Amino acid sequence: GNSVTQMEGPVTLSEEAFLTINCTYTATGYPSLFWYVQYPGEGLQLLLKATKADDKGSNKGFEATYRKETTSFHLEKGSVQVSDSAVYFCALLNTGFQKLVFGTGTRLLVSP
Amino acid sequence: DTAVSQTPKYLVTQMGNDKSIKCEQNLGHDTMYWYKQDSKKFLKIMFSYNNKELIINETVPNRFSPKSPDKAHLNLHINSLELGDSAVYFCASSQAQGGYYEQYFGPGTRLTVT
């Protein structure tokens, strides 16, 4: 079946540190991959996406590259800010199943 | 210019009651969804509708009944509420079905059953 595995949090960083949140997936076919972010008390917002192998999604300084050979879609940011503190969800959408499958979420805490 | 809206934002009710959550999208999308987020933040799809027709129905108790009066609205009615129904429920929409169409989420409805 389809599944997404994310690193457990919380991830605690100081401002301007480098961020990596690992995400690996299992899927049949060729899924699209997404990162969503949930700020405290809010809904989910799409952060970035990639629809095929070797695509790089990017937004607001965050990047993730769709790696088919390692079935991974790790999220990175070169310099985090306090305002990046949130829960980050990796997800896949397999056309055949037409539903988003989420990882368990990783909480990021950034201190000044 | 809210894209996906849900009402109410918070819902506190007692076991055994029946309640509804409403969702509306003004994006002109054809497909709408309901997701449940449990206390550990785990998100799982419940239902999906495309042009008012049910296309995904996960293993959800039949106390939950979605209704789509038109393609801009997808409501969720829950009968005989139980403690385990306490969660945050998110509505979402996408332009169409399929892997290329990202889903846009509403702000969520936090349901607390006492």
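Residues numbered from 1 in each chain as written. Chains lettered and ligands numbered in written order. Predicted model: local features only at pLDDT ≥ 70, side-chain atom pairs only at ≥ 80, totals over all residues. Heavy atoms only, no water.

**A few points about the overall build of chain B**
Counting secondary structure elements, chain B contains zero helices and eleven strands. When its helices and strands are written in sequence order, chain B yields β-β-β-β-β-β-β-β-β-β-β. Relative to its length of 114 residues, chain B is compact, with a C-alpha radius of gyration of 13 Å against a globular reference of 13 Å. In terms of overall dimensions, chain B has C-alpha extents of about 40 × 30 × 30 Å along its principal axes. A burial count over chain B gives 44% of its 114 residues as buried. By element, 48% of the accessible surface of chain B is carried by carbon and sulfur atoms, the whole surface being about 5700 Å². Side chains of chain B give 12 positive and 11 negative charges; the mean places of these two sets differ by 6 Å. (Helix = DSSP H or I, 4+ residues; strand = E, 2+ residues; numbered from the N terminus. Rg over C-alpha atoms; globule rule 2.2 N^0.38 Å. Buried < 20%, exposed > 50% of the residue type's maximum accessible area, 1.4 Å probe, protein only. Areas by Shrake-Rupley, 256 points an atom, 1.4 Å probe, with all protein chains shown as cover. Lys, Arg positive; Asp, Glu negative; His and termini not counted. Charge placed at Lys NZ, Arg CZ, Asp CG, Glu CD.)

**Points about the interface of chain B and chain A**
Facing the 23 residues of chain B at the interface are 22 residues of chain A. For the chain B and chain A pair, buried surface summed over both sides reaches about 1800 Å², with 57% attributable to carbon and sulfur atoms. Counting across the interface, chain B meets chain A through one salt bridge. One salt bridge connects A:K49 with B:E102, and the closest N-O pair in it is separated by 2.6 Å. (Contact = heavy atoms within 4.5 Å. Buried area = accessible area lost by both parts, 1.4 Å probe. Salt bridge = Lys/Arg side-chain N within 4 Å of Asp/Glu carboxyl O.)

**Topic: the side chain of B:Q103**
Take B:Q103: it is sitting in the loop between β9 (87–94) and β10 (104–105). Among the polar contacts made by the side chain of B:Q103, one reaches the side chain of B:Y35 at a distance of 2.7 Å. Discounting chain neighbours no more than four positions away, the residues touching B:Q103 are A:Y36, A:L93, A:L100, B:Y33, B:Y35, B:A92, B:S93 and B:S94. (Polar contact = N/O pair within 3.5 Å; in protein donor to acceptor, adjacent residues only side chain to side chain.)

**Focus: the packing of aromatic side chains**
All names here are of chain A. Tallied over the entire structure, the rule returns twelve aromatic pairs over all chains. With 5.6 Å between their ring centres and 40° between their planes, F62 and Y88 make a pair best called tilted. Note that F62 is positioned in strand β8 (residues 62–65) and Y88 in strand β10 (residues 86–93), a separation of 26 residues in sequence. For the pair F62 and Y88, a shared accessibility class is recorded, and that class is buried. (Phe/Tyr/Trp six-rings, centres within 6.5 Å; stacked < 30°, edge-to-face > 60°.)

**A few points about the state of the cysteines**
Counting across every chain of the model gives two disulfides over all chains. The disulfide bridge from A:C23 ends at A:C90, spanning 1.9 Å between sulfur atoms. One disulfide, between A:C23 and A:C90, carries an S-S torsion of -70° and so falls in the left-handed class. Of the two residues, A:C23 is situated in strand β4 (residues 23–26) and A:C90 in strand β10; the sequence distance between them amounts to 67 residues. Here the two residues A:C23 and A:C90 agree in accessibility, since each one is buried. Between the sulfur atoms of B:C23 and its disulfide partner B:C91 the distance amounts to 1.8 Å. Residues B:C23 and B:C91 share a disulfide whose torsion about the S-S bond is about -75°; that sign makes it left-handed. (Disulfide = S-S within 2.5 Å.)

**Comments concerning the sheet that holds strand β3 (residues 19–21) of chain A**
Residue and element names in this part refer to chain A. The four strands are arranged β3-β9-β8-β7 in an open sheet whose pairing can be described as antiparallel. Sheet topology places β3 and β7 (56–59) at the edges, where each strand pairs with a single neighbour. Across this sheet, the average inter-strand angle for adjacent strands is 15°, counted without regard to direction. The sheet contact formed by β3 and strand β9 (residues 75–77) spans three bridges and is antiparallel. Each bridged residue has a counterpart across the sheet, and for I21 the counterpart in β9 is L75. (Pairing = 2+ DSSP bridges. Axes fitted to C-alpha atoms, helices over the stretch in contact; angles between N-to-C directions.)

**Comments concerning the pattern of salt bridges**
Oppositely charged side chains are able to pair whenever their charged atoms sit close together. One pass over the structure, following the stated rule, counts eight salt bridges over all chains. The partner of A:D55 in a salt bridge is A:K52, and the shortest N-O contact between them spans 3.3 Å. Among the ionic pairs, B:R63 bridges to B:D85, the shortest N-O distance being 2.8 Å. Residue B:R63 is located in the loop between β6 (53–57) and β7 (64–70), and its partner B:D85 is located in the loop between β8 (73–78) and β9; the two are separated by 22 residues in the primary sequence. Look at the salt bridges and you will find they share partners, linking B:R63, B:E82 and B:D85 into a network.

**Focus on the environment of A:G41**
Position of A:G41 among the secondary structure elements: in the loop between β5 (32–38) and β6 (44–50). Separated by 68 residues in the primary sequence, A:G41 and A:L109 have C-alpha atoms spaced 15 Å apart.

**Structural notes on the nonpolar core**
Counting residues in each nonpolar core, the largest one holds 27 residues, and the members touching the most others are A:L19, A:W35, A:L47, A:L48, A:F73, A:L75 and A:Y88. Broken down by secondary-structure element, the contributors of at least two residues to this core are β2 (11–14), β3, β4, β5, β6, β8, β10 and β12 (106–111) of chain A. Take this core: its biggest share by element is four residues, from β10(A). Setting aside its immediate chain neighbours within four residues, A:Y88 contacts A:Q6, A:I21, A:W35, A:Y36, A:V37, A:L47, A:F62, A:L75, A:G105, A:T106 and A:L108. With 19 residues, the next largest nonpolar core counts B:V4, B:M46, B:Y49 and B:I78 among its residues. (Core = buried A, V, L, I, M, F, W, Y, C linked by side-chain atoms within 4.5 Å.)

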